[in-house]
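Here's the letter readout for the chains.
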Amino acid sequence: MHEPEPLSRAALGLRIAGGIVAIAVAAATIGAASFLPLPHVQAEPSEADVRPVGSAQSRTCPGGLLRLGDESGHDANALDTVGAAQLTSTGPLEAVAIDSTAGGETPSLVTQPGVGAAEVSAAQSQHADSDAVRGFAASDCAAPASDVWIVGGASTVGRTGVLIVTNPTEVAATVDISLFGASGPIAAPGATGIVISPRAQRLVPLAAFAPDEESPVVRVQSRGGGITATLQQTTERGIVADGADWVASALPGERLTIPGVTVRASALVRQHLATAGFADLATVLRLMTVGDEPVTATVGIAPVSTGGVGRSLESELEPGVVTEVPLTELEDGDYVVRIESDAPLVAGVRVSTVSAAATGSPGSSGSADAGASRAGDFMWLAAAPRLVEPTQFSVPAGPAPRLHLSNSSTSPATVTLERVGADTQTVEIAAGGAAVMPLAPVSAYRISIDGASDAAGDDPKSPQLHAAVVFAGDRALAAYPVAAAAAAEPRVRVVLQ
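The sections below set out a description of the structure shown in this document. What you are looking at is a predicted structure, and each value in this text was computed from that prediction instead of being measured. (Residues numbered from 1 in each chain as written. Predicted model: local features only at pLDDT ≥ 70, side-chain atom pairs only at ≥ 80, totals over all residues. Heavy atoms only, no water.)

Overview of the pairing of strand E28 (residues 402-407)
In step 1: Summarising burial for E28: 5 of the 6 residues are buried, a large majority.
In step 2: Bridging between E28 and strand E31 (residues 434-438) involves 5 bridges; their strand directions are antiparallel. Looking at E31, one finds that Leu405 is bridged to Ala435. (Buried < 20%, exposed > 50% of the residue type's maximum accessible area, 1.4 Å probe, protein only. Helix = DSSP H or I, 4+ residues; strand = E, 2+ residues; numbered from the N terminus. Pairing = 2+ DSSP bridges.)

If you want it as structure tokens, here you go:
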């Protein structure tokens, strides 16, 4: 094997020196590069506002009017529907039947996935003319909630109240019912821990827990699934059915507005008040504080025709005690009732009518049968929520529907009312004023208020608009507040770097 010859000392030195030079050149090149300007590339971030897909919206309708007993007149403990309610909804919506303990027509769950809350509405109405139930009733179909107050009804002789509690969700609801009357809270064994299955309805006669109560207030609280609650109230004078109503839920608050107090045939009503059994024809305001301390409520009653000028009164309220304030002096006309206090309270107004075709002579025999016209009706009006977001509502079939508007702020409000798929109306309502606008039955409307903002809160200059749908005919009265739309899904800003 040939072995390489060893390098001379000179050759080895030259090779080492060359390596050192190469390293120095590379280092210099790298160092120089750090001082040279490098190409600069920057991408502008892109931004987009994205609104999440809306969750499923639903509205639950109470179903047809109910009567005690079956078709044969037997089984007085049974509840059966009388005819069917007519449903009007904004579509395309899906109506789903709800399981109910009542026979006959089942209530409806109106649902639509993936749309805004302001785009879903439904309402129902029914005119009953049977020996058991007679009158006209209309109701908004409500969104589920966990806490519902109802102001209205009675359980005295000839007055039948049925609490309609519906669980439209897919989760069981455990319900507690609290009742209050003229003497304070009512002990009601068995009214708590009531389990309502998913998509089911429970019917609770008011007399079962609050017998012979002239002025009840009801609270329904739910754990688990959300619920809706409505009180059906019917009247019999002697053996004659004389009025029906679905009483809407009432929101507690320190400042309440009840638009739509529609007084008709007031002279005839006052004539009937002297007859035994007709005292509840009187127009009355029912109040109760929901706090633990006594409060003074200031009540203002203003005719729409005078632009907000009316009269005021004060009422002292004890905790849990229901108080009624007679308003029998109101003549025919349209009114707004506004209530203020230092603590939250709930309120409702009852209005009745008697047909000019009433038969008999009221008071001729001093009994409820005397003058029973088979032509009277009544309604309970609940305090209406403040409208902020554009809101859609439905108007079912019924006589002469009108939208009653109230502006409780210190600034004028411009209101736009659009009949979906048709015409648009605009009205300016003076500060503290009110207005009435005609509606078409079996229609849907969208209402918006210029300058309304939830962020304004209780700013007296911010629009404070409240609304109610009212039906008033010769033999018919019914009303429900326009529900405030739930806040729309917030927009999310997405930034791509």
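Regarding the sheet that holds strand E32 (residues 443-449)
In step 1: Here 4 strands make up an open sheet; going across it, the order is E27-E32-E29-E30 and the pairing antiparallel. With partners counted over all chains shown, the strands left at the sheet margins are strand E27 (391-395) and strand E30 (424-429), one partner each. Pairs of neighbouring strands in the sheet enclose a mean axial angle of 25 degrees, with direction left out of account. (Axes fitted to C-alpha atoms, helices over the stretch in contact; angles between N-to-C directions.)

Digging into the pattern of salt bridges
Where charged atoms from two side chains of opposite charge come close, those side chains can pair.
In step 1: Across all of its chains, the model carries 14 salt bridges by this definition.
In step 2: Close ionic contact of Asp242 with Arg237 constitutes a salt bridge, the shortest N to O distance being 2.8 Å.
In step 3: You can call Asp242 buried: its relative accessible area is 6%.
In step 4: Close ionic contact of Arg475 with Asp474 constitutes a salt bridge, the shortest N to O distance being 3.9 Å.
In step 5: Taking the relative accessible area as the measure of exposure, Arg475 reaches 42% and is therefore partly exposed.
In step 6: Look at Asp474 and you get partly exposed, because its relative accessible area is 47%.
In step 7: Taken together, the shared-partner salt bridges connect Arg159, Arg237, Asp242 and Asp280 into one network. (Salt bridge = Lys/Arg side-chain N within 4 Å of Asp/Glu carboxyl O.)

What to know about the environment of Leu345
In step 1: With respect to the helices and strands, Leu345 occurs in strand E25 (residues 333-353).
In step 2: Owing to a relative accessible area of 0%, Leu345 belongs among the buried residues under this scheme.
In step 3: Those residues in contact with Leu345 that lie beyond four places of it in its chain are Leu251, Pro252, Gly253, Leu256, Leu287, Met288, Thr289, Val290, Ala297, Leu317 and Ile339. (Contact = heavy atoms within 4.5 Å.)

Focus: the nonpolar core
In step 1: If you look at the biggest cluster of nonpolar residues, it comprises 29 residues, and the most contacted ones within it are Ile258, Val261, Leu285, Leu287, Val337, Ile339 and Leu381.
In step 2: Elements supplying a minimum of two residues to this core: strand E20 (253-263), strand E21 (284-289), strand E22 (295-303), strand E23 (311-317), E25, strand E26 (377-382) and strand E34 (476-481).
In step 3: Broken down by element, this core gets its largest block of residues, 8 residues, from E25.
In step 4: If you look at the next biggest cluster of nonpolar residues, it comprises 28 residues, including Leu403, Ala413, Ile429 and Tyr445. (Core = buried A, V, L, I, M, F, W, Y, C linked by side-chain atoms within 4.5 Å.)

Structural notes on empty space enclosed by the protein
In step 1: For the structure shown, the criterion picks out 3 cavities of 30 Å³ or more.
In step 2: Size it by volume and the largest cavity reaches roughly 80 Å³.
In step 3: Taken together, 13 residues form the lining of the largest cavity, with Val263, Ser266, Val269, Thr283 and Thr328 sitting closest to its centre.
In step 4: By residue number, the principal contributor to the lining of the largest cavity is helix H3 (residues 266-273), which donates 4 residues.
In step 5: Quantified by volume, the second largest cavity comes out at close to 50 Å³.
In step 6: Taken together, 12 residues make up the lining of the second largest cavity; nearest its centre are Pro62, Leu66, Ser100, Ala102 and Gln201.
In step 7: Split into classes, the residues belonging to the lining of the second largest cavity amount to 6 nonpolar, 5 polar and 1 charged. (1 Å grid on protein atoms, 1.4 Å probe; cavity = no way out; pocket = protein on both sides within 12 Å on 5 of 7 lines; lining within 4 Å. Points joined across faces, edges and corners; volume = space filled by probe spheres on them. Nonpolar A, V, L, I, M, F, W, Y, C, P; charged D, E, K, R; others polar.)

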